[in-house]
Amino acid sequence: MPPQNEARKKHLADAAIDVLARDGGHGLTHRTVDKHAAVPTGTTSNYFRTRDALWVAVANRVAERHWEIISTIEGFPEKMASPDEASEAIGLMLTGVEDEGRIFNLAMLELNLEAIRRPGLRPTLHELNELVTRQMGLNHRLQGLPADRETLDMIGIFLRGLQLSMLMPWNLGQTYDPSKLIERAYGAMLTSAPGQTELPESG
């Protein structure tokens, strides 16, 4: 097999993310990705031979795009270290720029659902979750905030629930600012952490 074009490979994975967000897991096929990516029929299957391989490619690319999104946040990762500043950064991850956030979050939710049936997806998603949790813990420790695993997991569970809620049809078009909800809930979770009576002043 000739060497693969890495730029083309990334382009196909991005097209697959769009297809997954638009059509769901049942619509993610090699032919559909070919059409969306505007490449000759058979191109996607040349890069990702099986449907499992296509799903894994999407999972890997979603993980890459997660870091691409948050790397655009001014002051990251230090900005994630206190409730008032974290709300802005987390809000950007959930909403993204224009449609980018919605596409990314829809694809992420579809991936997590598919991982229930496809064990091959679990290592990448688990690694992404562990990296995010580890980074959050590091930021908390630097700022003297609760960094026990229970608190970090609780924050992660809340954010995944908020991610799903923001995609629900009855929430589309709502004018509430998700960063305000994040700020209130994030602060409350940190305050209720074991051994925590008050949070340090942010500055």
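Now for a description of the structure that goes with this document.

Reading the values: rules and limits
- Residues numbered from 1 in each chain as written.
- Predicted model: local features only at pLDDT ≥ 70, side-chain atom pairs only at ≥ 80, totals over all residues.
- Heavy atoms only, no water.
- Buried < 20%, exposed > 50% of the residue type's maximum accessible area, 1.4 Å probe, protein only.
- Helix = DSSP H or I, 4+ residues; strand = E, 2+ residues; numbered from the N terminus.
- Arc of directions from axis to C-beta.
- Core = buried A, V, L, I, M, F, W, Y, C linked by side-chain atoms within 4.5 Å.
- Contact = heavy atoms within 4.5 Å.
- Axes fitted to C-alpha atoms, helices over the stretch in contact; angles between N-to-C directions.
- Parallel < 35°, antiparallel > 145°, perpendicular 65-115°, else oblique.
- Left-handed = near helix turned anticlockwise from the far one by under 90°.
- Nonpolar A, V, L, I, M, F, W, Y, C, P; charged D, E, K, R; others polar.
- Phe/Tyr/Trp six-rings, centres within 6.5 Å; stacked < 30°, edge-to-face > 60°.

### Comments concerning helix 2 (residues 30-37)
Every α-helix winds through 3.6 residues per turn, so residues three or four apart in the chain are directed the same way. Among all positions in helix 2, only His30, Val33, Asp34 and Ala37 are buried. Axial view of helix 2: buried residues confined to an arc of 105°, hence all on one face. Those residues of helix 2 that are exposed and angled more than 90 degrees off the buried face are Arg31 and Lys35.

### Here we look at the nonpolar core
Core analysis: the biggest nonpolar cluster contains 28 residues, and Leu12, Leu20, Leu28, Val33, Val58, Val62 and Leu111 have the highest contact counts within it. At the level of elements, helix 1 (6-23), helix 2, helix 4 (51-70), helix 6 (100-115) and helix 7 (122-143) are the ones that each hand at least two residues to this core. Those residues in contact with Leu12 that sit more than four places away from it in its chain are Val33, Ala37, Val39, Thr43, Thr44, Tyr47 and Phe48. Formed by 12 residues, the second largest nonpolar core is a distinct cluster that contains Leu152, Leu162, Met189 and Leu190.

### Here we look at the packing of helix 7 against helix 8 (residues 149-167)
Packing of helix 7 against helix 8 brings their axes to within 10 Å, and their N-to-C directions diverge by 120°. When the axes of helix 7 and helix 8 are compared, the pair comes out oblique. Here helix 7 runs over helix 8; the crossing is right-handed. Residue-level inspection shows Asn129, Glu130, Thr133, Met136, Gly137 and His140 of helix 7 in contact with helix 8, the latter providing Arg149, Leu152, Asp153, Ile155 and Arg160. Partitioned by chemical class, the residues of the contact of helix 7 with helix 8 number 3 nonpolar, 4 polar and 4 charged.

### Description of the packing of aromatic side chains
Enumeration over the complete set of coordinates arrives at 1 aromatic pair. Summarising the aromatic geometry, the rings of Tyr47 and Phe48 are spaced 6.4 Å apart at their centres and angled 50° between planes, so their arrangement reads as tilted. With respect to burial, Tyr47 and Phe48 carry one shared label: buried.

### Observations concerning unusual backbone geometry
Excluding glycine, residues mostly have negative phi values, and the peptide bonds linking residues are mostly trans. Positive phi, normally seen in glycine, also occurs at Ala38, with a value near 60°. You can see Ala38 is positioned in the loop between helix 2 and helix 3 (43-47).

### What about the packing of helix 1 against helix 6?
Where helix 1 contacts helix 6, the two axes come as close as 8 Å, and the packing angle between them is 80°. Taken together, the axes of helix 1 and helix 6 lie roughly perpendicular to each other. Between helix 1 and helix 6, the residues in contact are Ile17, Asp18, Leu20 and Ala21 and Ile103, Leu106, Ala107, Glu110 and Leu111, respectively.

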